[in-house]
Amino acid sequence: MYRQIVILTGAGISAESGLRTFRDQDGLWEEHKIEDVATPEGYQRDPEMVERFYNERWQQLHSGKVEPNPAHIALARLEKEFDGQLLVVTQNIDDLHERAGSRRLLHMHGELTKGRCPRSQQTFLLTDHFGVNHTCTCCIPAQRLRPHVVWFGEMPIGLDRIHHALDSCDLFIAIGTSGTVYPAAGFVDTANHHGAHTVEINLLPADERSHFQCHLQGKASEIMPKVVELILSDKSIGNDSFDMPLRG
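Residues numbered from 1 in each chain as written. Predicted model: local features only at pLDDT ≥ 70, side-chain atom pairs only at ≥ 80, totals over all residues. Heavy atoms only, no water.

This part takes up the packing of helix α5 (residues 70–81) against helix α9 (residues 220–232). Helix-helix packing is characterised by the crossing angle of the two axes and by the distance between the axes. One way to put it is that α5 packs onto α9 with a least axis distance of 7 Å and a crossing angle of 15°. In terms of their interaxial angle, α5 and α9 are classed as roughly parallel. Here the hand of the crossing between α5 and α9 comes out left-handed. Here α5 contributes P70, A71, A74, L75, R77, L78 and E81 to the contact with α9, which in turn contributes A220, S221, M224, P225, V228, E229, I231 and L232. Partitioning the contact of α5 with α9 into residue classes produces 11 nonpolar, one polar and three charged. (Axes fitted to C-alpha atoms, helices over the stretch in contact; angles between N-to-C directions. Helix = DSSP H or I, 4+ residues; strand = E, 2+ residues; numbered from the N terminus. Parallel < 35°, antiparallel > 145°, perpendicular 65-115°, else oblique. Left-handed = near helix turned anticlockwise from the far one by under 90°. Contact = heavy atoms within 4.5 Å. Nonpolar A, V, L, I, M, F, W, Y, C, P; charged D, E, K, R; others polar.)

So, on to the sheet that holds strand β7 (residues 123–125). Read from one edge of the open sheet, three strands run β7-β6-β8, paired in antiparallel fashion. Only two strands of the sheet have a single partner each, and these edge strands are β7 and β8 (146–149). Direction aside, neighbouring strands of the sheet carry axes that sit 55° apart on average. Looking at chain direction, strand β6 (residues 110–116) and β8 are connected through three bridges and run antiparallel. Across the sheet, G115 pairs through a bridge with P147, a residue of β8. Where helix α4 (residues 47–61) meets the sheet, its contacts fall on β6 and β8, and the angle it forms with β6 comes to roughly 125°. (Pairing = 2+ DSSP bridges.)

In the predicted model, the chain carries a mean pLDDT of 88, and 91% of its residues have values of at least 70. Every residue in residues 244–248 is under pLDDT 50, and counting partners more than four places away or in other chains gives 19 contacts. (pLDDT = per-residue confidence, 0-100.)

Mapped onto the elements of the fold, V37 is located in helix α2 (residues 34–37). Judged by relative accessible area, which is 0%, V37 ranks as buried. Sequence spacing of V37 and V132 is 95 residues, and the spatial spacing of their C-alpha atoms is 17 Å. (Buried < 20%, exposed > 50% of the residue type's maximum accessible area, 1.4 Å probe, protein only.)

Before going further, it helps to spend a moment on the nonpolar core. I173, I231 and I237 are the most contacted members of the largest nonpolar core, which has 27 residues in total. Breaking this core down by element, the ones donating at least two residues are β1 (4–9), α5, β4 (85–90), β9 (171–175), β10 (197–202), β11 (214–217) and α9. The element contributing the most residues to this core is α9, with seven residues. Setting aside residues up to four positions removed in sequence, I231 forms contacts with Y2, I5, L78, F82, L171, I173 and I237. By size, the runner-up hydrophobic cluster in this structure holds 23 residues, among which are Y54, L126, C139 and V149. (Core = buried A, V, L, I, M, F, W, Y, C linked by side-chain atoms within 4.5 Å.)

Within a regular strand, side chains alternate between the sheet's two faces. With six of its seven residues buried, β6 lies for the most part within the structure. The turn linking β6 back onto β7 is made up of six residues, and Q121 within it adopts a positive phi angle of 70°.

Right, let's talk about the pairing of β1 for a bit. Within β1, five of the six residues are buried, which leaves the element mostly enclosed by the surrounding structure. The pairing of β1 with β4 spans six bridges and is parallel. The residue of β4 that forms the bridge with I7 is V88. Looking at chain direction, β1 and β9 are connected through five bridges and run parallel. Paired with I5 across the two strands is L171, which belongs to β9.

Relative to the elements of secondary structure, N92 occurs in the loop between β4 and α6 (96–100). At 3.2 Å, the side chain of N92 forms a polar contact with the backbone nitrogen of A11. Apart from residues no more than four positions distant in its own chain, N92 is found in contact with T9, G10, A11, I13, S14, H107 and G110. (Polar contact = N/O pair within 3.5 Å; in protein donor to acceptor, adjacent residues only side chain to side chain.)

Put into structure tokens, the structure is as follows:
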């Protein structure tokens with residue numbers, strides 16, 4: 001049925017594992033102003049405060065209380081058993097997809113578990129918190145590593161690869177993301193333009209302005225295992241094959 005699949009995941013899938021979504025309705029990121037902790041200018045003003053912010057996220061991720069949920073595990077199963085092309089694109093900076101077993105994965109907004117050299121852009125795996133002693137090994141003198149996170153005003157990672165996959169996919173699924181912030185907001189239009197079946201999975205009801213052909217409302221941890229079963233059984237995702245509220 002489907003041979004080339006692109007799946008976009010957002011904050012909603014991680015929230016079901018106990019990670020708070022970064023941006024609240026009041027525009028704050030975990031009680032911090034976005035411009036203070038999520039912009040290059042904020043980092044230049046106070047790198048220590050920005051490091052503390054991401055260290056708190058790092059600690060939560062490694063607290064032993066946050067684990068992949070059934071949606072992450074279902075996506076890893078799909079990668080293992082699907083014999084077509086698959087790319088999972090995540091807006092999340094956590095490593096829950098990797099912990100579940102996903103490898104065909106692109107972090108378009110960076111990774112919390114890595115630091116980046118501001119000069120060479122080389123990335124380094126972090127085994128503990130950010131600090132003044134975290135420096136690169138690629139430059140002389142060594143450069144202080146910054147969080148490997150795409151901040152506002154910076155270009156997301158891997159857009160050429162993402163658009164190449166969208167141009168040829170026959171199924172595009174967005175999970176737990178509002179889909180209102182560009183460039184990710186345009187992914188559904190690209191997929192639709194090239195004839196793909198487009199499906200949105202979200203806790204919220206479908207937006208009347210949504211360009212997705214189908215909307216599945218509910219928890220990703222409950223829906224995705226069923227969706228993966230459909231895909232692996234060569235069945236379409238639609239009213240006649242999915243027993244839950246569906247638009248399209």
